[in-house]
Amino acid sequence: MTTTSDQTQAKPAVTVIGLGEMGFTLASAFLDGGHPTTVWNRTPEKADDLVARGAELAASVRDAVAAGSLVVVSVKGNATARDLLESAGGDALSGRAVLNLTDGTSAEARAVADWATGQGAQYLHGQIMTIAPGIGGAESVIFYGGSDTVYNRYRPTLQLIGGRGALVADDPGVPTLYGMAVHDTMWGTLNGFLHAAALLSSEGIEAKRFLDDAGASVSALLGYLPMIAGEVDRAEYATEYGALQHHRPSVEDLIRESRARNIDAEFPSYTLGLVNKAVEGGHAGDSYSRLIEQFRK
């Protein structure tokens, strides 16, 4: 007969280094999932609640690394992540699986990966696409890049922190680029909507009412992204309808309307500058996707 204790011990031991808001939540998810969980943090008191629930508090990073077959790092910056792993000693990392969930650039992720694999570790980098309360959600996305061996071996464990986790590349730098691309799209969309909301509110129109009336049109915008992505990937921008020359008058109208209502016009003016440069460069008949060339230096 298999006991609950046997089932728990059959699950791989996990170590979490860093107990900030995200690290604490990650450790909680592993602990709740029945994994033997060891934690380490510069301020040991942050582990009190986890220890009360069954986690082990390591006295040093080296002890923490030694306790887990999967070592999860969630700290502020990849320089800190590497410093902490280095403090454990290269021999401690040999044969371990390292999952680095620290934010940073793609180059930083690759640098930590190169160093860790040089110590004999198997490395996986992850980019979390949710705030801490979303950890463990069935729809929470985490992009992974690096060792497919680590990803496949620990996939049931990784499901505990994000139900829609996916290995997107064997390059550990790619997940950070995916995350940045999502955020880039998000901020552009949110800034556009907030500028629009300011314009509407100057007329006393509630943003919610606008979405009720125009929601279908706004939602349809996302439907254009695959078409734009295809044009970008093929570098083919010629289009029969909706060419840049037809965007320009509408953007000019938006700028004039904004200024007349004392709404900051910098956001649409930036767009007009992109459109004007493309049109004046001989691309008046091209799709809006042609503007990608304005972002490339």
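One can find the structure itself at the top, above this paragraph.
Calculation rules
Residues numbered from 1 in each chain as written. Predicted model: local features only at pLDDT ≥ 70, side-chain atom pairs only at ≥ 80, totals over all residues. Heavy atoms only, no water. Salt bridge = Lys/Arg side-chain N within 4 Å of Asp/Glu carboxyl O. Helix = DSSP H or I, 4+ residues; strand = E, 2+ residues; numbered from the N terminus. Buried < 20%, exposed > 50% of the residue type's maximum accessible area, 1.4 Å probe, protein only. Phe/Tyr/Trp six-rings, centres within 6.5 Å; stacked < 30°, edge-to-face > 60°. Pairing = 2+ DSSP bridges. Contact = heavy atoms within 4.5 Å. Axes fitted to C-alpha atoms, helices over the stretch in contact; angles between N-to-C directions. Core = buried A, V, L, I, M, F, W, Y, C linked by side-chain atoms within 4.5 Å.

Colleague: Looking at this structure, I do not really get the pattern of salt bridges. What am I missing?
Modeller: Pairs can form between side chains of opposite charge whenever their charged atoms are close. Using the criterion set out here, one finds 13 salt bridges in the structure. A salt bridge links Arg-261 to Glu-203, with the shortest nitrogen-to-oxygen separation between them at 2.8 Å. Placement of the pair is Arg-261 in the loop between helix H13 (244-260) and helix H14 (266-283) and Glu-203 in the loop between helix H10 (174-201) and helix H11 (207-222), with a sequence separation of 58 residues. For Arg-261, a relative accessible area of 28% corresponds to the partly exposed category. Measuring nitrogen to oxygen at the nearest pair gives 2.7 Å for the salt bridge that ties Glu-257 to Arg-261. Because the salt bridges share partners, they merge into one network encompassing Glu-203, Glu-257 and Arg-261.

Colleague: What is the right way to look at the packing of aromatic side chains in this model?
Modeller: How two aromatic rings sit relative to each other is given by the distance of their centres and the angle of their planes. This model, assessed by the stated rule, comprises two aromatic pairs. For the pair Phe-143 and Tyr-178, a centre-to-centre distance of 5.1 Å together with 75 degrees between the ring planes defines the contact as edge-to-face. Of this pair, Phe-143 sits in strand E7 (residues 142-146) while Tyr-178 sits in helix H10, placing them 35 residues apart in sequence. We classify Phe-143 as buried; its relative accessible area is 14%.

Colleague: Before we go on, may I ask you to explain the sheet that holds strand E6 (residues 122-128) in this structure?
Modeller: Whenever strands of a sheet pair, they do so through backbone hydrogen bonds, lying parallel or antiparallel. The strand order across the open sheet built from eight strands is E3-E2-E1-E4-E5-E6-E7-E8, with neighbouring strands paired in mixed fashion. Only two strands of the sheet have a single partner each, and these edge strands are strand E3 (56-57) and strand E8 (166-169). Bridge analysis of strand E4 (residues 70-73) against strand E5 (residues 97-100) gives four bridges, and the strand direction is parallel. Of the residues in E5, the one forming a bridge with Val-73 is Asn-100. Contacts from helix H5 (residues 78-88) reach strand E1 (14-17), strand E2 (37-40), E4, E5 and E6 within the one sheet, and its direction differs from that of E5 by about 155 degrees. Lying on the sheet, H10 is in contact with E6, E7 and E8; it crosses E7 at an angle near 150 degrees.

Colleague: What is the right way to read the nonpolar core from this model?
Modeller: One recurring pattern in soluble globular proteins: nonpolar side chains tend to sit buried together. Core analysis: the largest hydrophobic core is formed by 27 residues, its most contacted members being Val-16, Leu-26, Val-72, Leu-99, Leu-101, Tyr-144 and Ile-161. Contributing elements (two or more residues each) for this core: E1, helix H2 (21-32), E4, E5, E6, E7 and helix H8 (148-153). Counting residues per element, this core draws most heavily on H2, at five residues. Ignoring any residue separated from it by four or fewer positions in sequence, one finds Val-16 in contact with Gly-23, Ala-27, Phe-30, Thr-38, Val-39, Trp-40 and Val-72. Of all hydrophobic cores here, the second largest spans 22 residues; its members include Val-65, Leu-84, Leu-85 and Tyr-123.

Keep in mind these values describe shape, not function.
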